[in-house]
Amino acid sequence: MMSREITGHTTLTALLGSPVGHSISPAMHNAGFEALGLDYVYLAFDVGTEGLARAVDGMKVLGVRGFNLTMPDKNLMCELCDRLSPAAELAGAVNTVLNEDGVLTGYMTDGVGYMRSVKEAGYDIIGGKMTLLGAGGAATAIMIQAALDGVAEISVFNSRSPRFERAERIIGQLKEGCPCQLHLYDFSDPAVLKKEIASSDILVNGTSVGMAPNTEDCVIKDPSVFMPGLIVSDVIYNPRETRLLRMAKQAGCHTFNGMYMLLYQGAEAFKIWTGHEMPVEMIKERYFSEKE
């Protein structure tokens, strides 16, 4: 391993979002750079949507190689990129940016990361049914990738909002070239939610509800929706066990959190910036083995 000496040639990568103080992305990316002897460094900056455009201009001026976006910046970043990957364009959100001489290309790696995390947790949902809560950037990326990978049916729930209308458009586009059965429901009807979950193989919380510091919040209010054998996952990884996962586990459900989604979406970003595969087994052992 190289020493972590910062030089005049060190390449900067970063995380933008708010809050970011809890993120383990700097630790895992910097460990990957060190393991491969790459003269890169990864830092986290607390930037919300109000300051995002100015921060991105600064990234371009400084020649930053690339950066990640977390909540609440993923959707706005889509408008600030010069180019978009097909998944980012369809999702209307960006979580990874590559800067090539001031030209910004936006990617959405959350969906790939999530589907790899399902396999890592030991489950096969291809050909099955998913109920997905939320229609923001991460949730939309999960919906798109799950549909493309072969999940047979996806029921999406979101409150009536611009995101609901955007989800309608995306589902319409997906239906044109994808055999997955896609349905969009208003979150305000608990009977419909319970019915869809009852016929699902997996329930996914794709929202930020329950994330630190508001750890007692829960997107599901009625614990009777949890049936033994249902897989329940949460994109949140701080706390490691959200109230949603705690309730599901008590009802006999299989549960897993967003740790490996974070790892594998990060591995995709790492490769986009460096051209190298992230050493995920080493990073998994160092940072993830005791975090489930």
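Structure: see above.
Residues numbered from 1 in each chain as written. Predicted model: local features only at pLDDT ≥ 70, side-chain atom pairs only at ≥ 80, totals over all residues. Heavy atoms only, no water.

S.K.: I'd like a description of the environment of Glu5, backed by residues and values.
M.R.: When you line up the elements, Glu5 lands in the segment before strand E1 (11-17). Taking the C-alpha atoms as reference points, Glu5 and Asn257, separated by 252 residues in sequence, lie 34 Å from one another. Apart from the residues within four sequence positions on either side, Glu5 is in contact with Thr10 and Asp39. (Helix = DSSP H or I, 4+ residues; strand = E, 2+ residues; numbered from the N terminus. Contact = heavy atoms within 4.5 Å.)

S.K.: Tell me what's going on with the sheet that holds strand E9 (residues 181-186), and back it up with residues and numbers.
M.R.: The strand order across the open sheet built from six strands is E9-E8-E7-E10-E11-E12, with neighbouring strands paired in parallel fashion. Pairing within the sheet leaves two strands with one partner each, and these edge strands are E9 and strand E12 (254-256). Between one strand axis and the next, the sheet turns through 15 degrees on average, direction left out of account. Looking at chain direction, strand E10 (residues 202-205) and strand E11 (residues 231-234) are connected through four bridges and run parallel. (Pairing = 2+ DSSP bridges. Axes fitted to C-alpha atoms, helices over the stretch in contact; angles between N-to-C directions.)

S.K.: Explain the packing of helix H6 (residues 137-149) against helix H7 (residues 162-177) to me, and be specific about the residues and the numbers.
M.R.: Packed helix pairs are specified by the crossing angle of their axes together with the interaxial distance, meaning the distance between the axes. At a minimum axis separation of 11 Å, H6 and H7 run at an interaxial angle of 15 degrees. Regarding the angle of H6 to H7, the classification is roughly parallel. For the element pair H6 and H7, the recorded crossing hand is right-handed. On H7, the residues that touch Gly137, Thr140, Met143, Ile144, Ala147 and Leu148 of H6 are Arg166, Ile170, Ile171 and Leu174. Taken together, the residues of the contact of H6 with H7 break down into seven nonpolar, two polar and one charged. (Parallel < 35°, antiparallel > 145°, perpendicular 65-115°, else oblique. Left-handed = near helix turned anticlockwise from the far one by under 90°. Nonpolar A, V, L, I, M, F, W, Y, C, P; charged D, E, K, R; others polar.)

S.K.: Tell me about the pattern of salt bridges, and please be specific about residues and values.
M.R.: Across all of its chains, the model carries 10 salt bridges by this definition. Here Glu153 and Lys129 are joined by a salt bridge, their closest N and O atoms 3.8 Å apart. Note that Glu153 is positioned in strand E8 (residues 153-158) and Lys129 in strand E7 (residues 129-133), a separation of 24 residues in sequence. Of the charged contacts, one joins Asp186 and Arg160 as a salt bridge, the two residues approaching to 3.5 Å between their closest N and O atoms. Here Asp186, found in strand E9, pairs with Arg160, found in the loop between E8 and H7; they are 26 residues apart in sequence, far enough to count as distant. With a relative accessible area of 59%, Arg160 lands in the exposed category. One salt-bridge network, in which partners are shared between bridges, spans Lys129, Glu153, Lys195 and Glu196. (Salt bridge = Lys/Arg side-chain N within 4 Å of Asp/Glu carboxyl O. Buried < 20%, exposed > 50% of the residue type's maximum accessible area, 1.4 Å probe, protein only.)

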